[in-house]
Amino acid sequence: MALSLATASFVIERDPARCIACQVCVRQCANDVHFYDADDDTVRAHDQSCVGCHRCVTLCPTQALSVRLNPLEYRPHANWGPDILRNIYKQAETGGMLLTGMGDDQPQRIYWDHMVLNASQVTNPSIDPVREPMELKTYLGAKPERLEIDDHGDGLTLRTELTPQLELDIPIMFSAMSYGSISFNACESLARAATEAGTYYNTGEGGLHPALYQYGERTIAQVASGRFGVHLDYLNAAAALEIKIGQGAKPGIGGHLPGEKVTLDISRTRMIPQGTDALSPAPHHDIYSIEDLRQLIYAIKEATHYTKPVSVKVAAVHNIAPIASGIVRAGADIVAIDGLRGGTGAAPTMVRNNVGIPIELAIAAVDARLRSEGIRHRASLVAAGSMRCSADVVKAIALGADAVYIATSALVAMGCHLCQHCYTGKCNWGIATQDPYLTKRLNPNIGAQRLANLLRAWSLEIKEMMGGMGVNSIESLRGNRDHLRGLGLNQVELDALGIKAAGM
Amino acid sequence: MRAVIVGNSATAVGAIEALRAVNQSAKVLVVSEESHLIYSRPLLSHYLGGEIDQVRLAYRPSDFYTRHEVTPILETRATGIDTAGRRLLTQDGNSIAYDKLLIATGGTPILPPMPGIDTQGVFSFTRRSDVESILTYLEAHGGKEAVVVGGGMIGIKATDALIKRGIRVTMIELAPRILGVALDSTASRLMTRLLEEAGVRVLTGNTVTEIHSRDGRVHSVTLREGGTIRCDLMILGIGVRPNTELVEDSDIRVNRGIVVDEYMRTSAPDVYAAGDVAEAYDLVVDMNRTVAIWPNAYRQGAIAGAHMVGIETPDAGGVAMNAIEVHGVPAISVGNSNLEDEPGHEFLTDLDERNHRYKRLVLKDNRLVGVTLVGHINRAGIYTGLIRHKIDVGASRSALMSEQFGLLSLPDRYRKHVVTGEGIEV
Amino acid sequence: MSKRIVIHEEHCIGCRLCEVHCLVQHSSSKDIIKAYGGEHSHLMPRLTVEEDGPLSFALQCRQCEEPSCVEACVSGAMHRDPLTGMIMCDEERCVGCWMCIMVCPAGAIQQNLLGTKIASKCDLCYGAELPACVAHCPNEALTFDDVAEKGAGS
Ligand SMILES: Cc1cc2nc3c(=O)[nH]c(=O)nc-3n(C[C@H](O)[C@H](O)[C@H](O)COP(=O)(O)OP(=O)(O)OC[C@H]3O[C@@H](n4cnc5c(N)ncnc54)[C@H](O)[C@@H]3O)c2cc1C
Ligand code: SF4
Ligand code: SF4
């Protein structure tokens, strides 16, 4: 075998004065980086295989370990950076596509960081969320044209028949992550946390494990191009259904769950033979037009007797506004849009980093377009694709989203260190893996608790920021772009976002 | 309620602790012919060997009697029982009334008819007074060489203690091999070799026919198979038999030991017997028999003690077992561990003679009925549990012999039962 | 009801941090570096992690309701602590006769031959609020819970 030109990404530093050779790191590294040498009772490392997941660092009982970027430096070149070189070395060696996991890691502009929020001073009072009620409740689904109310002396009743709604205690849901791409324990953690927090999680395209049917009321079940695990009970078990057209990390691309990950349990849940690759086609082979989409939406509504909202999820791409409009007109109750930085279990690196548009611009464009067409009320807008903190959520809502989906943040809450090696199936944190040695590492009791904690913490912060703006209900914030100002953006960007520049 | 216990050893403690766990009002009396407060008989060899002192010989702290509100009546020999009048007769002509009586008189050493057995320097080895006599004797007269008669448990323990005192021992066993009751011939051979490595001369198929004295003290013994052996000291450790003397004149049923049911009740109302003196259920051989071991004595005592105050926990049965150590190498045997070539049985063995390691399992109908471990004994109790609970180990047979043997080698449901108490005993 | 260490084998990841911290807790310095340095020679963890493929769990004394070890112990070392009700081995009294090892159905007692022979067994970190294995298990595979009386010795 010819010499590999790829150099180690990381180097392991082990403090010999602290290492007690307990070998916890050896046992914890799925990449076999650490090893024990019985001859001299020492633990050493093969740095080459380190992916920088920090599992060993976190578990080392004496803090003897540190993982650093390999200090090896290439001759500086503004055009030919080290990552570019490494990619070429790798491809020259393997002849394969570059694969990666998680969302886009390139330094494209993150508009969240170029928007600032408003606060009340003197002319309008701010609200103290600790002392006054603060409403985060959000309903997702089509809203009626207008409300007709009967007044029969002793009270009011609503005459208008409402279409089904999802009731969220907090405008944050867990985004689609399939059982297969993530472990059962991760799915269970999400389901339990959603239940506890009064929100929803999304099955992704992997079907619903029988053990998770008990969380059906808090489940959004996906129908994707592979139709994995889709059957009547599945549709009826969930609170809402979502047709997945696209995903922000890999718009226009199908999915591929390698056969090794299709364990017995997963094969049963997905209804495919054990050990076979689970291939989701790039398009739905029965959807080539908005009309076709409408057929599927209504097929699902028929199957579930019009009791559940139907969502359609698309990736944020160039013509996202008219696409969203078409989706609304096709009868979707919710439009979910996933931006450029949305996460994934596996995607071709080139696609992930170069296809699609940031979610901030998509929200602004879609919200504006639906308003201008007078159909904004006919569907709720859910934004996804890298909400990293509660401020991102507030900004997304101010831009026009009804609620957001979080996936990467949720994974991070469960322990993910963004090593971006999900696609290898060796997730040391027990999240993006089906290896029974690794899946145990995520105890769903802990996972659910951490997720619920995250949602609680964010909801406190959201209330605090809303109070500062003098807003006591998330409803009043939605699409209220006056609360946003752009910082360091040019006029084209400001216009695209529909916001003023800071200082204006 | 007045509970009287005859004998002041493992059985008595088992009874007292179980009784007091649920009842504080009963009056409890313990009658013992020995003058000591409760001590551990199995530790006598450690005491003789100088490993422990008198204080550690005590089996329970000195406040045991007061804390459990027990009246010890020491140096008092019980001589008979008036079962009709519910009285225990004592050697001083008095009698003690009882509502419930527990006979826990243990065993008496078997003393073979041997000319010269009364010679000074010839000792039995079952009581603290025996060890104290030996120590006094050694102090007064010194001693370099000893003869131990009996290659069973007691003989081995006495030998091990003497070795630790730097005394050269010749062990004489009548049977063709030592520890024949507990071990198969291979394990027995290993132990013989260990003894020999420790400097012991082991003579099997032989016995002492006469004891010779000089200056009134033992000086040598004559062997049945010819020859004499010099010795300054001789210990008789042939074994014990149930000490049933107390009930001989009563109507209480005695077989080899006192016959008892699953609550340790004898044939006489309100009279119990437990420990070495009783013939209780052995779950491996599936019949009642005497098994003179400490754990059985304690457990049977506890069952009797509880029953006296109305707690009915039937005895699931005992298992014969022993843990010994020779020359620093431990050996454990449980159940029918000495069986060899027995039809209907299966034997799994693993021998590493050089490192004094041996493992042998005896199975019958896929169930473990006997275990011998020499050298490596950690986790032995798991096997004992399997024997006790009669677990079907057919599926985990290979794991049973593995070096990594542990709970994970067991049937799932039994493992969960042991680990979390949740699974089911299967 | 009493407090017991509950083993959750489905959550044990076989890292053996429990063993590490058990050893540290029973060292005189209670300092991990020192415990594994000079003091290590006579210390051993009082629990064992059993492992077979992905299945693993840390096993320490099950605190039997009817403890076989106490029944079998000939020295009186193995006892139920009158204060806490826990099964403990009084190491001052233990003579290392291994009767307890012979009977413990969980195999939870080990020979400690590093110093004087003693039966090495979990003491629930006597005096500490939480046993060290429970406190340091990264995945809550061990919890210290109130449980109804039950155990291996039944
Ligand atoms: C040297 C030695 C080592 C041993 N080592 C082990 C070992 O390692 N493991 C093991 O499991 N077992 C061992 N044993 C066996 C164990 O000691 C017995 O099984 C246990 O002592 C039985 O307890 P017990 O209460 O039934 O009777 P005993 O311990 O025999 O006690 C009976 C008591 O009753 C008293 N007594 C008897 N008759 C009367 C009477 N008429 N009036 C008043 N008092 C009376 C006796 O003086 C004695 O104190 C050993 C025995 C000996 C002798
Ligand atoms: S610390 Fe916890 S997870 Fe690690 S081996 Fe021990 S019980 Fe298992
Ligand atoms: S028998 Fe074993 S598990 Fe039970 S109390 Fe004793 S040491 Fe603990």
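Below, the structure is looked at part by part. (Residues numbered from 1 in each chain as written. Chains lettered and ligands numbered in written order. Predicted model: local features only at pLDDT ≥ 70, side-chain atom pairs only at ≥ 80, totals over all residues. Heavy atoms only, no water.)

### With respect to the nonpolar core
To keep it simple, the criterion reads: Remark: nonpolar core denotes a set of buried residues (Ala, Val, Leu, Ile, Met, Phe, Trp, Tyr, Cys) joined through side-chain atoms within 4.5 Å. The cut-offs for exposure are 20% and 50% of the maximum accessible area for each residue type, with area from a 1.4 Å probe on protein chains only; residues under the lower value are buried, those over the upper are exposed, and the others partly exposed. Note on contacts: a residue pair is in contact if any heavy atoms of the two residues lie within 4.5 Å.
Core analysis: the largest hydrophobic core is formed by 185 residues, its most contacted members being B:Leu88, B:Ile103, B:Met191, B:Val208, B:Met234 and C:Met78. In contact with B:Val208, not counting residues within four places along its chain, are B:Met114, B:Val147, B:Val149, B:Ile172, B:Val221, B:Thr222, B:Leu223 and B:Met234. By size, the runner-up hydrophobic cluster in this structure holds 107 residues, among which are A:Phe174, A:Phe184, A:Ile327 and A:Leu381.

### Thoughts on the pairing of strand β1 (residues 10-14) of chain A
All names here are of chain A. Our working rule: Counting from the N terminus, the helices are DSSP H or I runs at least four residues long and the strands are E runs at least two residues long. Strand pairing requires that DSSP identify at least two bridges connecting the strands.
Most of β1 is tucked away: 4 of the 5 residues are buried. Across 5 bridges, β1 lies against strand β4 (residues 65-69) in antiparallel orientation. Within the sheet, the bridge partner assigned to Glu13 lies in β4 and is Ser66.

### Describing the interface of chain B and chain C
As a reminder of what qualifies: Accessible area that two parts lose when put together, evaluated with a 1.4 Å probe and summed over both, is termed the buried area. Criterion for a salt bridge: a side-chain nitrogen of Lys or Arg within 4 Å of a carboxyl oxygen of Asp or Glu. Here a polar contact is recorded for every N or O atom pair within 3.5 Å, except that within protein the pair must consist of a potential hydrogen donor and a potential acceptor, and residues adjacent in sequence are included only if both atoms are side-chain atoms. In this classification, Asp, Glu, Lys and Arg are treated as charged, Ala, Val, Leu, Ile, Met, Phe, Trp, Tyr, Cys and Pro as nonpolar, and every other residue, Gly included, as polar.
Across the contact, 42 residues belong to chain B and 40 residues belong to chain C. Interface area for chain B against chain C, summed over the two sides, is near 3400 Å², with a carbon-plus-sulfur share of 54%. Among the residues chain B hides against chain C, the three largest losses belong to B:Arg379, B:Leu408 and B:Val419. Together they make up 18% of the total. Here chain B is connected to chain C by 5 salt bridges. Salt-bridge contacts for B:Arg415 lead to C:Glu9; the nearest nitrogen and oxygen are separated by 2.7 Å. At the surface where chain B touches chain C, the tally comes to 19 residue pairs in polar contact (both at pLDDT 80 or more). Sorting the residues of the side of chain B that touches chain C by element identifies α8 (294-308), β22 (321-326), β23 (329-335), α9 (380-388) and α11 (412-420) of chain B as the ones contributing at least two each. When residues of the side of chain B that touches chain C are assigned to their parent elements, the largest contribution, 6 residues, is made by α11(B). Taken together, the residues that form the side of chain B that touches chain C break down as 20 nonpolar, 12 polar and 10 charged.

### With respect to the interface of chain C and chain A
The interface of chain C with chain A comprises 21 residues on the first partner and 20 residues on the second. Of the roughly 1600 Å² buried between chain C and chain A, counting both surfaces, carbon and sulfur atoms make up 64%. In this structure, the connection of chain C to chain A is made through 0 salt bridges. Inspection of the region where chain C meets chain A yields 7 residue pairs in polar contact (both at pLDDT 80 or more). Among the residues making up the side of chain C that touches chain A, the classes are represented as 11 nonpolar, 6 polar and 4 charged.

### A few points about the side chain of B:Asp160
Residues and elements named next belong to chain B. Along the polypeptide, Asp160 turns up in helix α6 (residues 153-164). By relative accessible area, Asp160 is classed as buried at 13%. The residues contacting Asp160, other than those within four sequence positions of it, are Glu325, Val326 and His327.

### Re the site of ligand 1
Defined as follows: By convention in this text, a residue qualifies as near a molecule or strand provided that one of its non-hydrogen atoms is within 4 Å of it. Only the protein chains shown count as covering a residue, and every accessible area follows the Shrake-Rupley method with a 1.4 Å probe.
Around ligand 1 lies a shell of 35 residues, among which B:Ser9, B:Thr11, B:Glu34, B:Arg41 and B:Asp276 are the nearest. Nearby residues place ligand 1 at the junction of chains B and C. In this structure, B:Asp276 approaches ligand 1 through a side-chain N or O atom, which is 2.8 Å from an oxygen atom. Against a free-state accessible area of 990 Å², the protein chains account for coverage of 97% of ligand 1. Secondary-structure elements contributing two or more residues to the shell around ligand 1 are α1 (10-22), α6 and α8 of chain B. When its residues are assigned to classes, the shell around ligand 1 shows 15 nonpolar, 13 polar and 7 charged.

### Description of the environment of B:Ile324
All names here are of chain B. On the secondary structure map, Ile324 appears in strand β22. With relative accessibility at 8%, the residue Ile324 sits in the buried group. Taking C-alpha positions, Ile324 is 23 Å from Thr207, a pair spaced 117 residues apart along the chain. The contacts of Ile324, once residues within four sequence positions are left out, are Met153, Ile156, Leu179, Met191, Val329, Pro330 and Ala331.

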